[in-house]
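The primary structure of each chain is shown beneath.
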Amino acid sequence: MNWDAIGAVGEMIGASAVVISVIYLALQIRKQTHESRLAATRELNNHNLQAQAVLTDNGEIASIYLRAVQDYESLPDVDRLRISLHFHRNFRIMEQQFLHTKSGNVEASYLDSVNKAHREWLIFPGVQQWWKLSKHYFDSIFCRHIEQEMEAGEKEEEASTFQLNRLKTNQ
């Protein structure tokens, strides 16, 4: 065997190693992307659950919430402040989900279910009152998204799981 043949074999082995390395790297990047998407989905879900826990763990806040989703503006100042901070937190979570959606960083099946629940929440009169007063705190692109979701919820005639949109609270 001459030196040219040995060199050619070495080049083929080297090229094969490069191709195998590139394929391995692509598979690792794909796996990492999937793991990152799952981590972002878990994080957003935890934020949603924590926001819900505020209502399930505190009867006083839940009572204020029931009145607020019907008529935010009629609440006493202290209650309006408390629920405003809760609404603000919920909208910040939605904003994060919106940003993750735009960049493709969240599992689509999770977003579908959560967006349906958000759309249901967005059609409550008190939530819409709060939004009109507070939307200037959010990015204009996100604001357009929320307003489109509100319109879509009203067109689809979303019905509340708990029929809160028909609930008359006397609390």
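One can find the structure itself at the top, above this paragraph.
Residues numbered from 1 in each chain as written. Predicted model: local features only at pLDDT ≥ 70, side-chain atom pairs only at ≥ 80, totals over all residues. Heavy atoms only, no water.

A. Structural view of the packing of aromatic side chains. Evaluated as defined, the whole model comprises 13 aromatic pairs. Pairing Tyr-65 with Phe-87 gives two aromatic rings, centres 6.3 Å apart and planes at 90 degrees, and the pair type is edge-to-face. Taken together, the residues Tyr-65 in helix H2 (residues 59-71) and Phe-87 in helix H3 (residues 77-103) connect sequence positions 22 residues apart. Looking at Tyr-65, the relative accessible area reads 12%, which means it is buried. For Phe-87, a relative accessible area of 0% puts it in the buried group. For the pair Trp-131 and Phe-138, a centre-to-centre distance of 5.5 Å together with 35 degrees between the ring planes defines the contact as tilted. Since its relative accessible area comes to 7%, Phe-138 is described here as buried. Of the aromatic side chains, those joined through ring pairs into one cluster are Tyr-65, Tyr-72, Phe-87, Phe-91, Phe-98, Trp-121, Trp-130, Trp-131, Phe-138 and Phe-142. (Phe/Tyr/Trp six-rings, centres within 6.5 Å; stacked < 30°, edge-to-face > 60°. Helix = DSSP H or I, 4+ residues; strand = E, 2+ residues; numbered from the N terminus. Buried < 20%, exposed > 50% of the residue type's maximum accessible area, 1.4 Å probe, protein only.)

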